[in-house]
Amino acid sequence: QVQLVESGGGLVQPGGSLRLSCSASGRTFSSYAMGWFRQAPGKEREFVAAINWSGGSTYYADFVKGRFTISRDNAKNTVYLQMNSLKPEDTAVYYCAKHDGHSGSYYYPRNFNSWGQGTQVTVSS
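Starting from 1, residues in each chain are numbered consecutively following that chain's sequence as written. Under the rules for a predicted model, residues below a pLDDT of 70 receive no local features and side-chain atom pairs below 80 are neither given nor counted, while totals for whole chains, interfaces and linings still include all residues. Heavy atoms throughout the structure, all of them, feed into the side-chain values; hydrogens and water do not.

Caption draft 1: Focus on the overall build of the protein. Numbering goes from the N terminus for both helices and strands, where a helix is a DSSP run of H or I of at least four residues and a strand is a run of E of at least two. If you tally the helices and strands in the protein, you get 0 helices and 11 strands. Computation of the radius of gyration draws on C-alpha atoms, with the globule rule given as 2.2 Å multiplied by the number of residues to the power 0.38. Here the protein has a C-alpha radius of gyration of 13 Å; the compact-globule value for 125 residues is 14 Å, and the two agree. Along the longest, intermediate and shortest principal axes, the C-alpha atoms of the protein span 40 × 25 × 25 Å. Taking all 125 residues of the protein together, 45% fall into the buried category. Here, residues are in contact when the closest pair of their heavy atoms is within 4.5 Å. Sequence-distant contacts in the protein: of pairs separated by 6 or more residues, those separated by 24 or more amount to 56%. Here the accessible surface of atoms and residues is derived via Shrake-Rupley with a 1.4 Å probe, and residues count as covered only by protein chains that are part of the display. Accessible surface, the protein as shown: approximately 6400 Å² in total, 46% of it carbon and sulfur. Each residue gets one of three labels from its accessible area relative to the maximum for its type: buried under 20%, exposed over 50%, partly exposed in between, using a 1.4 Å probe on protein chains only.

In structure tokens form, the structure reads like this:
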């Protein structure tokens, strides 16, 4: 079982930037797609971005296109989420997750079978 640990969250002003990291244990990290999701208070967990096993393909929710960038370093067992031009509506707990490898779409939380504990991102002046 892969264990995932997120870091890099915090308080940032609107228009600012943060870089989230997700470190994974285990030797199979490079075999799986990875995703970032977020959950705001009172809302369902939603898809933010995903990246395939090699890093050659990336996918984004419409509301982060052009502002967020997902990347991975398989040698370091780490996936990143660079967040620029942050808005107050980006405030949420951000989770990284490992795709289960067979369920297809990266857009649904149910298709990911390992999750980190989450890191809080607050965008406020």
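Back to the write-up after that little detour.
Caption draft 2: Looking closely at the packing of aromatic side chains. Geometry of aromatic contacts follows a simple scheme: Phe, Tyr and Trp rings, the Trp one being its six-membered ring, pair when their centres are within 6.5 Å, and the pair is stacked under 30 degrees between planes, edge-to-face over 60, tilted otherwise. Applying the stated rule across the entire model yields 7 aromatic pairs. Relative to Phe-47, the ring of Phe-37 has its centre 5.8 Å away and its plane inclined at 75°; by these criteria the two rings are edge-to-face. Taken together, the residues Phe-37 in strand β4 (residues 34-39) and Phe-47 in strand β5 (residues 46-51) connect sequence positions 10 residues apart. The class for Phe-37 is buried, based on a relative accessible area of 0%. Charge-over-ring contacts are defined here by two conditions on Lys NZ or Arg CZ: a distance within 6 Å of the ring centre and an angle within 35 degrees of the ring normal. Taking the ring centre of Tyr-80 as reference, the NZ or CZ of Arg-19 above it sits at 4.0 Å. Lying over the aromatic face of Tyr-108, Arg-110 brings its terminal NZ or CZ to 4.5 Å of the ring centre.

Remember, this is a structural readout, not a statement about activity or role.
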